[in-house]
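Reading the structure
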Amino acid sequence: MPPSLFKFVLRFSLRDQLLLLLLTACSLPFVYFALDVPKLIINDVLGQGPLPEQLYGIPLGIDHTALLIVLSAAFLLLVCVNGGFKYVLNVYRGVVAERMLRRLRFTLFSNLMRFPTAKAEQLSPAETVPLITAETEPLGGYIGDALALPAFQGGLLATYVFFIMVQDPVLGCISLLTLPIQAYVTPRMQKRVNRLARRRVLATRRLSADIGDAMGGVAAIHAESNGLYHRARIAARLGTLYGLRFDIYRRKFAIKFVNSFLNHVTPFFFYLFGGWLVLQGELTIGALVAALAAFREMAPPWRELLKFYQTSQDAQVKYEQIIEQFEPADLLAETASEADASPSVSEGQAVVFSSVSAVEESGRGLAPLDFSLDAGARVAVTDEPECGADELCRVLAQQRQPDTGRVRFGSRDWLALGPGFRGRHVAYVGKDPWLFDMSLRDNLHYGCVETPKQVEPDAERELAERAGNTPLRPEDSWVESSSATYARLHRALGATGATDELIDMGMRMPLAASDDHAFQQAVLSQRAAVTAALEAEGLDVHVQRYDPQAFIDGFSIGENLLFAAATDAREWADDDAARLWITSLRSAGLLDELLEIGVKVNRELVEMFVDLPDNHPFFADLGLVDARELPAMQRVAQRVDRAGTTRWSRADRWLILSRVLALKPARHRIVDLDDAFKARAVQARSALSHLVGQPGFDALEPLDPGACADGLSVLQNALFGMLSGQDQRAHRQVRETVLGVLREAGLEGRIVDHALATQPGPGGRSLRPALRQRLALARALVKPGTWLIVNRALDALDADSEADVIDRVLALTDDTSVLWSPVHAKNAARFPVHLHLGAGGSHSVNVKGHDVPELAKEVSPE
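Since the model is a prediction, treat every value here as computed from it, not as a measurement.

**Focus on the overall build of the chain**
Helices and strands together make up the secondary structure of the chain, namely 34 helices and 16 strands. Seen along its three principal axes, the alpha-carbon backbone of the chain occupies a region of about 120 × 90 × 55 Å. Residues counted as buried form 45% of the 862 residues belonging to the chain. Sequence separation of 24 or more characterises 74% of the internal contacts of the chain that already satisfy a separation of 6 or more. As presented, the chain carries roughly 43600 Å² of accessible surface, and 55% of it is formed by carbon and sulfur atoms.

**Observations regarding empty space enclosed by the protein**
Per the counting criterion, the structure on display carries one cavity of 30 Å³ or more. Reported here for the largest cavity is a volume of approximately 30 Å³. If you trace the largest cavity, you find it lined by Val-599, Asn-602, Arg-603, Val-636, Ala-637, Val-640 and Ile-656. Secondary structure elements with two or more residues in the lining of the largest cavity: helix H22 (591–609) and helix H24 (630–643). When its residues are assigned to classes, the lining of the largest cavity shows five nonpolar, one polar and one charged.

**Side note on the nonpolar core**
Within the largest apolar cluster, 65 residues are counted, with the highest numbers of intra-cluster contacts made by Leu-493, Leu-502, Met-507, Val-738, Leu-775, Leu-777 and Trp-820. The greatest single-element share of this core, amounting to nine residues, is contributed by helix H32 (residues 769–782). Excluding residues within four positions of it along the chain, Leu-777 makes contact with Val-429, Thr-496, Val-790, Leu-794, Val-805, Val-809 and Trp-820. Core analysis: the second largest hydrophobic core is formed by 55 residues, Val-31, Leu-89, Phe-163 and Leu-306 among them.

**With respect to a positive patch on the surface**
A surface patch of positive charge is lined by Arg-188, Lys-191, Arg-195 and Arg-198. Tracing the backbone shows Arg-188 in helix H8 (residues 179–216).

**Details of the packing of H22 against helix H25 (residues 650–661)**
Orientation of H22 relative to H25, taken along the N-to-C sense of each, is 85°, at an axis distance of 8 Å. What the angle tells us is that H22 and H25 run roughly perpendicular. Contact residues: Leu-591, Leu-594, Leu-595, Ile-597, Gly-598, Val-599, Val-601, Asn-602 and Leu-605 in H22; Arg-653, Ile-656, Leu-657, Arg-659 and Val-660 in H25.

**Quick word on the environment of Phe-295**
For Phe-295, the location among the structural elements is in helix H11 (residues 285–326). Along the primary structure Phe-295 and Pro-267 are separated by 28 residues, whereas in three dimensions their C-alpha atoms are 8.2 Å apart. Non-local contacts of Phe-295, meaning those with residues more than four positions away in its chain, are made with Ile-164, Ser-175, Asn-263, Thr-266, Pro-267 and Phe-270.

**Some words on the packing of aromatic side chains**
Under the defined criterion, the tally for this structure stands at 21 aromatic pairs. An angle of 80° between the planes, with centres 5.0 Å apart, marks the rings of Trp-414 and Trp-787 as edge-to-face. Taken together, the residues span a long stretch of sequence, with Trp-414 in the loop between strand S7 (412–413) and helix H13 (418–425) and Trp-787 in strand S13 (residues 787–791) at a distance of 373 residues. Assigned by exposure class, Trp-414 and Trp-787 land together as buried. An aromatic cluster of at least three residues, connected via ring pairs, comprises Tyr-32, Phe-33, Phe-162 and Phe-163.

**A short note on the packing of helix H2 (residues 64–113) against H11**
For the pair H2 and H11, interaxial distance at closest approach is 9 Å and the crossing angle is 25°. Looking at the two axes, H2 sits roughly parallel to H11. Judged by residue contacts, Leu-104, Leu-108, Asn-111 and Leu-112 of H2 engage Tyr-319, Ile-322 and Phe-326 from H11. Among the residues making up the contact of H2 with H11, the classes are represented as six nonpolar, one polar and no charged.

**A look at the sheet that holds strand S4 (residues 365–373)**
Taken together, four strands build an open sheet; the order of strands is S4-S3-S6-S7 and the sheet is antiparallel. The two strands at the open ends of the sheet, each matched to only one other strand, are S4 and S7. In the sheet, strand S6 (residues 404–409) pairs with S7 via two bridges, with the strands oriented antiparallel. Its bridge partner lying in S7, Arg-408 is registered against Asp-413. In the packing of helix H12 (residues 389–396) onto the sheet, the strands contacted are strand S3 (351–359), S4 and S6, and the crossing angle to S3 comes to about 125°.

**Quick notes on the pairing of strand S15 (residues 833–837)**
Looking along a regular strand, one sees side chains alternate from face to face of the sheet. Where strand S5 (residues 378–383) meets S15, five bridges bridge the pair, whose relative direction is parallel. What sits directly across from Val-381, in S15, is Leu-835. Bridging between S15 and strand S16 (residues 843–847) involves five bridges; their strand directions are antiparallel. Looking at S16, one finds that His-834 is bridged to Asn-846.

**Overview of unusual backbone geometry**
One non-glycine residue, Ser-355, lies in positive phi territory at about 55°. Residue position: Ser-355 is located in strand S3. Residue classification places Ser-355 among the partly exposed residues on the basis of a relative accessible area of 38%. In this model, Arg-792 sits at a positive phi of 45°, which is unusual for a non-glycine residue. Relative to the elements of secondary structure, Arg-792 occurs in the loop between S13 and helix H33 (799–812). We classify Arg-792 as partly exposed; its relative accessible area is 23%.

**What about the side chain of Arg-779?**
As for its position among the elements, Arg-779 is in helix H32. Contact partners of Arg-779, with chain neighbours within four places excluded, come to Trp-434, Leu-435, Phe-436, Asn-443, Leu-444, Tyr-446 and Gly-447.

**A closer look at the state of the cysteines**
Considering all chains together, one arrives at zero disulfides under this definition. No disulfide involves Cys-26; its sulfur sits 18 Å from that of Cys-80, the nearest cysteine. Residue classification places Cys-26 among the partly exposed residues on the basis of a relative accessible area of 38%.

**What about the pairing of S13?**
With five of its five residues buried, S13 lies for the most part within the structure. Going residue by residue along S13, you find Trp-787, Ile-789 and Asn-791 tucked away on one face and Leu-788 and Val-790 tucked away on the opposite face as well. Direction of pairing for strand S8 (residues 426–429) relative to S13: parallel, over a ladder of four bridges. Directly across from Val-426, in S13, lies its bridge partner Trp-787. Assessed by its sense of winding, the connection that carries the chain from S13 through H33 to strand S14 (residues 817–821) is right-handed.

**As for the confidence of the model for the chain**
Of all residues in the chain, 94% have pLDDT values of 70 or greater, and the mean over the chain is 83. Model confidence for the chain, summarised as mean pLDDT per element, is weakest for helix H34 (residues 852–855) at 38 and strongest for H33 at 94. Contacts of residues 336–341 to residues separated by more than four positions or lying in other chains number nine contacts, the stretch itself having pLDDT below 50. This model gives residues 850–862 a pLDDT under 50, and the stretch forms 19 contacts once residues within four places in sequence are excluded.

**A word on helix H31 (residues 748–755)**
Among all positions in H31, only Ile-751, Val-752, Asp-753, His-754 and Ala-755 are buried. Each element contacted by the buried residues of H31 is listed here: helix H14 (440–444), helix H16 (483–496), helix H17 (499–508), helix H18 (517–525), helix H29 (714–719) and helix H30 (728–744).

Procedures and definitions
- Residues numbered from 1 in each chain as written.
- Predicted model: local features only at pLDDT ≥ 70, side-chain atom pairs only at ≥ 80, totals over all residues.
- Heavy atoms only, no water.
- Helix = DSSP H or I, 4+ residues; strand = E, 2+ residues; numbered from the N terminus.
- Buried < 20%, exposed > 50% of the residue type's maximum accessible area, 1.4 Å probe, protein only.
- Contact = heavy atoms within 4.5 Å.
- Areas by Shrake-Rupley, 256 points an atom, 1.4 Å probe, with all protein chains shown as cover.
- 1 Å grid on protein atoms, 1.4 Å probe; cavity = no way out; pocket = protein on both sides within 12 Å on 5 of 7 lines; lining within 4 Å.
- Points joined across faces, edges and corners; volume = space filled by probe spheres on them.
- Nonpolar A, V, L, I, M, F, W, Y, C, P; charged D, E, K, R; others polar.
- Core = buried A, V, L, I, M, F, W, Y, C linked by side-chain atoms within 4.5 Å.
- Patch = residues over 30% accessible without salt bridge, like charges linked within 9 Å, V, L, I, M, F, W, Y side chains within 5 Å.
- Salt bridge = Lys/Arg side-chain N within 4 Å of Asp/Glu carboxyl O.
- Lys, Arg positive; Asp, Glu negative; His and termini not counted.
- Charge placed at Lys NZ, Arg CZ, Asp CG, Glu CD.
- Axes fitted to C-alpha atoms, helices over the stretch in contact; angles between N-to-C directions.
- Parallel < 35°, antiparallel > 145°, perpendicular 65-115°, else oblique.
- Phe/Tyr/Trp six-rings, centres within 6.5 Å; stacked < 30°, edge-to-face > 60°.
- Pairing = 2+ DSSP bridges.
- Disulfide = S-S within 2.5 Å.
- Right-handed = clockwise from strand over helix to strand, strands pointing away.
- pLDDT = per-residue confidence, 0-100.

Written out as structure tokens, the structure reads:
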């Protein structure tokens, strides 16, 4: 990136800046005439003398009134023209500013992607994200004004001075009297402000880093009760920031005071010398008035120029501090990050380590090692604690530079092959793998992403290119969709043991999570077979069918009243539906009874939640109370205790009623509903069925034995019912029976696909650690790589589970070179070759199927 912001502007927006300068130059003559026309009106039209014979070289043959009308109309036209120029200039400057800001942010992010992995892992997101977002925001405004604003405001200033000079040279010189003083004083005072601004930026970043650090370690803070210490740290940071900001304000306002005083000195000389010239008859009153008006017009552009100087200095400081963070000395070459830069791979070549060492600051790590990973080799690497297995894996995966030695691949330097080569041929799974907050399917295909070969050009892509951004979009074809890719994905899931858990997840997911209509119809077609299978095994007693003549305990009361399933629990009983609910329930004769139940529910909920903090997870677990509604629920409970239910407002009534409608008897168990109430609720269905489909009820879908419901899970749709009772063993048998039927129908893969629509959250935090690690390994297997490196990536699995995964993966990747550092050392025996790194730099190699004493060798660091 250019070292100064001004050079950045010139490099990427010179053409736009020149066009802005041209527009500015075109606007200045109109500014001059807008000053001169009022003088003509005063002196030539309203004065006592005769009309001039010519005006701007144009002969005049009209009287005073006609000339007054013409000149006034000309003045109005000039006002419109000048306003139009300002509008066009401001809009165009805004366009340039936004385009350059887009380029700057994209460049910073691109540089961030070129950071070495170890350096990127040390960055604090709380400190880095504001650098790209908030701290670059003021730079956009400056970039748009970089040349246009000083040119426009300077041009205006020069025009006004020239106009005054034309009226009288003495007045012109007076108008320039204080400008040199301001031009000398202001920059010197501004330098101190700039130094303070630089310190303020650094202090703000440290504050952000401390806040992010405290947020990341909030669990440890609570555990150790050290909140007061962290408050003290933040208070100290805020104190430093306060002192810097106060000093900046003090000096900025001092600059304004000096400039304001000097601006008001000049009118004094105007009145003194200009008035004396008028008294001597050497200057007309109209010229003096016009000169004063022109001087008043000089103040805004001069003020804008001084403000621009301050802004430019501040922007330059911000720019320098930003690029310092995004241009480390070891930044990866830009061309190396492109997939097209990948060199070809010759079959049969080995990766050879020659005296490679990688030692951490603690002194532990990989001692000098000579090692060769042949093509197709399967090697397990273990070590004594912290003796280099981790470093060896990371060096081979190009995640770390060795301290000494060299890694060769044929005649090439392995570590210089770059990201393009790594993206094509190396699959790495490390500790604590990261899943992105996109669907599991997209995460699994992440290693197969390739630059789209064909994209349709359009205006949006052209704009992106003009701003220096990539014209590609996330919705382009980044992954080749083929039957081979699909089969590879499912084989990888099977090898890692993730399939069973994904099937269980898919069975529990609502059909609404997938837009695969064919899958929905396939599930529906198996409904009769599922029923028959359960009846044959005597398991149907553990299933409650969705019977229009029965109350469903697993549904909410509202869903029971409408015999419908909610596709979104947050929207099916909102305030828009309140009037219809209240009116319809009153007509059905259930309103008073439901309100009576609601009073009990409201009292119970208030007692349960009143002492809990707003962010307590129990709010989300129960799903009946929002922390923001709790004060209102308390007030209603107190009002009912004082005056009963006779003085309820409509809002109070709906607040109580909406809790009851969302209440699920089988889950919440706050009140006991007797059989008589359930019977009345079932009888009311016919009277309330018209509500489904009304505005406010859009998230409710009627239950139909001949159709699937999006709000129900795959299992519930297959059963057209739900599991009942508390017998977990029976529930498991029911699920296995249903899954068996769906498997026979060839739907197992479709269920897995259904589960792959899940969003795992940032880092995959919503998944169990074991599943997250299995999926990360599956992602590496889906990628058609030449080398697979697994660095203690399955620490959430026990030894037997890890052994099963190793066997399946080795069977699946028979044409791939594998270097695997197992979590459980005994599993190293499952590999043909076992490299063990010992303390003191020794290491041994054991080869299965050979006489170990003859082939094992001890190699000293020397």
